[in-house]
Amino acid sequence: MTTRDRRFRTLRMLAIGAVALGAVIGSFGTQARAQTPALAVPGKLSYGVAATFAPFEYSVDGKLTGFDIEFIEAIGKALKLEPAALNIEFKGLIPALQGKRVDVINSAMYINPARSEQVDFVPYMKIGQQMVVKKGNPSAIKSREDLCGKKVAVTLGGIQETYARQDAERCKAAGKPDVTVMTFPTAQDSGLSVRQGRADAYYESTAGVAKMVSERSDAFEAVGPVFEFGTQIGIAVRKGEKDMADLIASGIKQVAADGTYKRLMQKYHLPAEGALF
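Reading the values: rules and limits
- Residues numbered from 1 in each chain as written.
- Predicted model: local features only at pLDDT ≥ 70, side-chain atom pairs only at ≥ 80, totals over all residues.
- Heavy atoms only, no water.
- Axes fitted to C-alpha atoms, helices over the stretch in contact; angles between N-to-C directions.
- Helix = DSSP H or I, 4+ residues; strand = E, 2+ residues; numbered from the N terminus.
- Parallel < 35°, antiparallel > 145°, perpendicular 65-115°, else oblique.
- Contact = heavy atoms within 4.5 Å.
- Nonpolar A, V, L, I, M, F, W, Y, C, P; charged D, E, K, R; others polar.
- Disulfide = S-S within 2.5 Å.
- Buried < 20%, exposed > 50% of the residue type's maximum accessible area, 1.4 Å probe, protein only.
- Left-handed = near helix turned anticlockwise from the far one by under 90°.
- Phe/Tyr/Trp six-rings, centres within 6.5 Å; stacked < 30°, edge-to-face > 60°.
- Lys NZ or Arg CZ within 6 Å of the ring centre and 35° of its normal.
- Pairing = 2+ DSSP bridges.

**Looking at the packing of helix H2 (residues 67-79) against helix H8 (residues 242-257)**
Interhelical geometry of H2 versus H8 gives an angle of 100 degrees and a closest axis separation of 8 Å. Judged by the angle between their axes, H2 and H8 are roughly perpendicular. Taken together, the residues of H8 that come into contact with H2 (itself represented by Phe71, Ala74, Ile75, Ala78 and Leu79) are Leu247, Ser250, Gly251, Ile252, Gln254 and Val255. Residue composition of the contact of H2 with H8, by class: eight nonpolar, three polar and no charged.

**Notes on the state of the cysteines**
Counting across every chain of the model gives one disulfide. The partner cysteine of Cys148 in its disulfide is Cys171, sulfur to sulfur 1.9 Å. Because the sign of the S-S torsion sets the handedness, a value of about -85 degrees for the bond joining Cys148 and Cys171 places this disulfide among the left-handed ones. Of the two residues, Cys148 is situated in the loop between strand E6 (119-134) and strand E7 (151-155) and Cys171 in helix H5 (residues 159-173); the sequence distance between them amounts to 23 residues. Accessibility expressed as a relative area gives 13% for Cys148, which makes it buried. The buried category is assigned to Cys171, whose relative accessible area is 0%.

**Regarding the packing of H2 against helix H9 (residues 260-267)**
Two elements in contact, H2 and H9, have axes separated by 10 Å at closest approach and are oriented at 165 degrees. When the axis of H2 is compared with that of H9, the two are roughly antiparallel. H2 and H9 meet at a crossing whose hand is right-handed. Packed against H2, whose contacting residues are Phe67, Glu70, Phe71 and Ala74, the element H9 presents Thr260, Tyr261, Arg263, Leu264, Met265 and Lys267 at the interface. A breakdown of the residues in the contact of H2 with H9 according to their chemical character gives six nonpolar, one polar and three charged.

**Let's talk about the packing of aromatic side chains**
How two aromatic rings sit relative to each other is set out by the distance from centre to centre and by the angle between their planes. Enumeration over the complete set of coordinates arrives at 12 aromatic pairs. Aromatic pair Phe53 and Tyr110: ring centres 6.5 Å apart, planes at 45 degrees, arrangement tilted. Of the two residues, Phe53 is situated in the loop between strand E1 (44-49) and strand E2 (58-60) and Tyr110 in strand E5 (residues 104-110); the sequence distance between them amounts to 57 residues. As far as the burial class goes, Phe53 and Tyr110 line up, both buried. One aromatic cluster is present, formed by Phe53, Phe56, Phe67, Phe71, Tyr110, Tyr124, Tyr261 and Phe277 through successive ring pairs. The aromatic ring of Phe227 is capped on one face by Arg144, whose charged end is 4.1 Å from the ring centroid.

**Digging into the sheet that holds E1**
One open sheet holds the eight strands; their spatial order is E4-E1-E5-E10-E6-E9-E7-E8, and the pairing between them is mixed. Only two strands of the sheet have a single partner each, and these edge strands are strand E4 (82-87) and strand E8 (180-184). The mean inter-strand angle of the sheet, taken between neighbouring strand axes irrespective of direction, is 30 degrees. The pairing of E5 with strand E10 (residues 220-238) spans three bridges and is classified as antiparallel. Each bridged residue has a counterpart across the sheet, and for Tyr110 the counterpart in E10 is Ile233. Where helix H7 (residues 206-215) meets the sheet, it contacts E6, strand E9 (201-205) and E10, and its direction lies at approximately 115 degrees from that of E9.

Right under this line is the structure:
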């Protein structure tokens, strides 16, 4: 074999190797693309929110604000996706997710067994509950044990409704007067019913209580011990969509690493002991 033949054979083998390597790389690229979750709107992270739960999500002059709103904006920035909100009633959030109108639910959603049967969660905080009453506590409520025969306001479909109905069952089992559970579309409506004297108390998150009492100390006060502290809240994804859950988790990891998570918790006066990162 001449030198020219050997050189040609070498170049031919290198060319074949390059083609093979390109095929391998291409297959990896195809697999990576297959693992990228499909989005409701390409390039955007569409999320459902019920903006009635301060300090997590609420409106000021028609603009969405709160911890969750800034949190998802930071996550979107980390993932190079533009957050797009669908602001609807809380009870419509899971149907909107299941119907693929949104990619995730970002609305301080409490993680419980019933919801976990319908959606998967990426947890990001722990939270507790407390009771709020009218200033002066005219109904003399000191704990949940005092609620028998009283009216309790809650957000329809929220975890507070579950706790109130548990209290109603407890009173009934003890042969005491029933708890009247009054449901409202928003936490603000629940608070208004207490301020107007239509309800004796309402349940609120520890974060919401701190905000409410600090801003309206003339109208409300917190009573009784904090309960159910340690309940986690999370961003919800469709059941079984691990790729989307992993994507959100990676965004949260980046937001926690750069200090944004801690800064937002401090900005919205959220208890440090509730942090998961």
